Amino acid sequence: MPPSMSDFRSWESPSCCSAKKGKTLTTVHSKGKAHVVIPKSPERGADAADRALELVLASLEDSKAEDIVTINIVGKSALGDYMVVVSGRSNRHVAAISEHLISDLKDEGFGSPRVEGLEAGDWVLIDTGDIIVHVFRPEIREFYNIEKMWAAPDIEEGTLH
């Protein structure tokens, strides 16, 4: 089953790990392991995210990923700064793109990203902390159409009644 954004609620922000009086603290478990909070890059800031994005895009191009779309999610979500959505031609291509990107991130000192869905190869989610990369087979990408959801125009505060 492909990952959903609700699967990652437990590590959206560091505040997930502290309990306040009157608040219920929940932890999402998967196969007996708790999700780990992944902090954003130690050198936090637009520069770190931009450098990571350059690496991600270069790796995806090198792997012959198709229909690469970058979405700036700064101010829209605490999940990261950018979301990148790409397609691979088959399950094997999706897995190869993902493995190549994971290797490039480690080699360039960005650490080990959180990865979901690599085994199936239909939809792989790679979370670096600053950048969330979705690698889809074309028909899966068309079905979920997450670009449309995230690329929606910003609604100015106070415009809804």
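Criteria and thresholds
- Residues numbered from 1 in each chain as written.
- Predicted model: local features only at pLDDT ≥ 70, side-chain atom pairs only at ≥ 80, totals over all residues.
- Heavy atoms only, no water.
- pLDDT = per-residue confidence, 0-100.
- Contact = heavy atoms within 4.5 Å.
- Pairing = 2+ DSSP bridges.
- Helix = DSSP H or I, 4+ residues; strand = E, 2+ residues; numbered from the N terminus.
- Axes fitted to C-alpha atoms, helices over the stretch in contact; angles between N-to-C directions.
- Expected span 1.5 Å × (residues − 1).
- Buried < 20%, exposed > 50% of the residue type's maximum accessible area, 1.4 Å probe, protein only.
- Phe/Tyr/Trp six-rings, centres within 6.5 Å; stacked < 30°, edge-to-face > 60°.
- Salt bridge = Lys/Arg side-chain N within 4 Å of Asp/Glu carboxyl O.

Attention shifts here to the confidence of the model for the protein. For the protein, the mean per-residue pLDDT works out to 75, and 65% of the residues sit at or above 70. Contacts of residues 5-43 to residues separated by more than four positions or lying in other chains number 51 contacts, the stretch itself having pLDDT below 50.

What follows is about the sheet that holds strand E5 (residues 114-116). Either a parallel or an antiparallel arrangement is found when strands of a sheet pair, and the pairing is made through backbone hydrogen bonds. Taken together, the five strands give an open sheet; going across it, the order is E3-E4-E7-E6-E5, and neighbouring strands pair in mixed fashion. One side of each edge strand has no neighbouring strand; the edge strands of this open sheet are strand E3 (66-72) and E5. The mean inter-strand angle of the sheet, taken between neighbouring strand axes irrespective of direction, is 10 degrees. Looking at chain direction, E5 and strand E6 (residues 123-127) are connected through three bridges and run antiparallel. When the bridges of E6 are listed, glutamate 116 appears paired with leucine 125.

Turning our eyes to something else, we now look at helix H2 (residues 91-107). For H2, with 17 residues, the first-to-last C-alpha span of 24 Å sits near the 24 Å given by 1.5 Å per residue. When we look at burial in H2, the residues that qualify are His93, Val94, Ala95, Ile97, Ser98, Leu101, Ile102, Asp104 and Leu105.

Here we come to the packing of aromatic side chains. Applying the stated criterion across every chain yields a total of three aromatic pairs. Each ring, one from phenylalanine 143 and one from tyrosine 144, has its centre 5.0 Å from the other, and the planes form 90 degrees; the classification is edge-to-face. Judged by its relative accessible area of 36%, tyrosine 144 is partly exposed.

Further remarks concern the pattern of salt bridges. Per the counting criterion, the structure on display carries six salt bridges. Arginine 114 is paired through a salt bridge with glutamate 116; the nearest N and O atoms lie 2.8 Å apart. Arginine 141 is the salt-bridge partner of glutamate 147, the closest N and O atoms lying 2.4 Å from each other. Through salt bridges with shared partners, a single network forms among Asp122, Arg137 and Glu139.

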